[in-house]
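Spelled out from the first residue to the last, the chains are:
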Amino acid sequence: MSVVLGSLLGKMAVLDEVTKNFLFHLADVAGVRKSKVLEAYELAKRAEILNVKECGDEILGVRIRVESESRRGEVHYVSVGKFGAKCTCEFSVIRRGLCKHILAGLIVWYAVSMLRFGKPIDLDSLEWLKQMREGKEEKTYVRSGEEEVDDEDALRREP
Ligand SMILES: [Zn+2]
């Protein structure tokens, strides 16, 4: 399955109330600025859907490809689902941050679920999202300024 989400999202009224509420709720749950979520939404519109996992009347997760904003021609592969999320970008792999691509993945997942089954995904049930948020808050508290790179961890988590 290879679909450009732009055409999928085009079928929905762009930023209708339900979608807007979802995006703002995502910002809350993920602990990020609304502007970051809106940037992720723009990424999601251009993302290519590589795989959709479906069971019963539920979308369990999606795998997408997004273009890097900073480096032309570079792409990132993102998987999001009920049990975790993964992105191949440096910020995600080395710094273990909640990157814009993972947020874009969640938005694609939401859009696929809305179009397929007419229901949004339940962000509050995603334990990994809460943990990423907590991890981030802890790091911000303990360290100041730039986050350090843990070399051992970075190697272990290399894709
Ligand atoms: Zn990423």
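Caption draft 1: Highlighting unusual backbone geometry. Even without glycine at this site, Arg96 takes up a positive phi of about 60°. When you line up the elements, Arg96 lands in the loop between helix 4 (90-93) and helix 5 (100-117).

Caption draft 2: Expanded view of the confidence of the model for the protein. With 75% of its residues at a pLDDT of at least 70, the protein reaches an overall mean of 82. Averaged pLDDT values over the elements of the protein bottom out at 45 in helix 7 (residues 151-156) and peak at 97 in strand 4 (residues 75-81).

Caption draft 3: A look at the packing of helix 3 (residues 34-46) against helix 5. Between helix 3 and helix 5, the least distance of the axes is 8 Å, while the angle of their chain directions is 65°. If you check the angle between helix 3 and helix 5, you find them roughly perpendicular. In the crossing of helix 3 with helix 5, the sense of the turn from one axis to the other is right-handed. Residues Lys36, Val37, Glu39, Ala40, Tyr41, Leu43 and Ala44 of helix 3 touch helix 5, and the partners they reach there are Lys100, His101, Leu103, Ala104, Ile107 and Val108. For the contact of helix 3 with helix 5, the class distribution of residues is nine nonpolar, one polar and three charged.

Calculation criteria
- Residues numbered from 1 in each chain as written.
- Predicted model: local features only at pLDDT ≥ 70, side-chain atom pairs only at ≥ 80, totals over all residues.
- Helix = DSSP H or I, 4+ residues; strand = E, 2+ residues; numbered from the N terminus.
- pLDDT = per-residue confidence, 0-100.
- Axes fitted to C-alpha atoms, helices over the stretch in contact; angles between N-to-C directions.
- Parallel < 35°, antiparallel > 145°, perpendicular 65-115°, else oblique.
- Left-handed = near helix turned anticlockwise from the far one by under 90°.
- Contact = placed C-beta atoms within 7 Å.
- Nonpolar A, V, L, I, M, F, W, Y, C, P; charged D, E, K, R; others polar.

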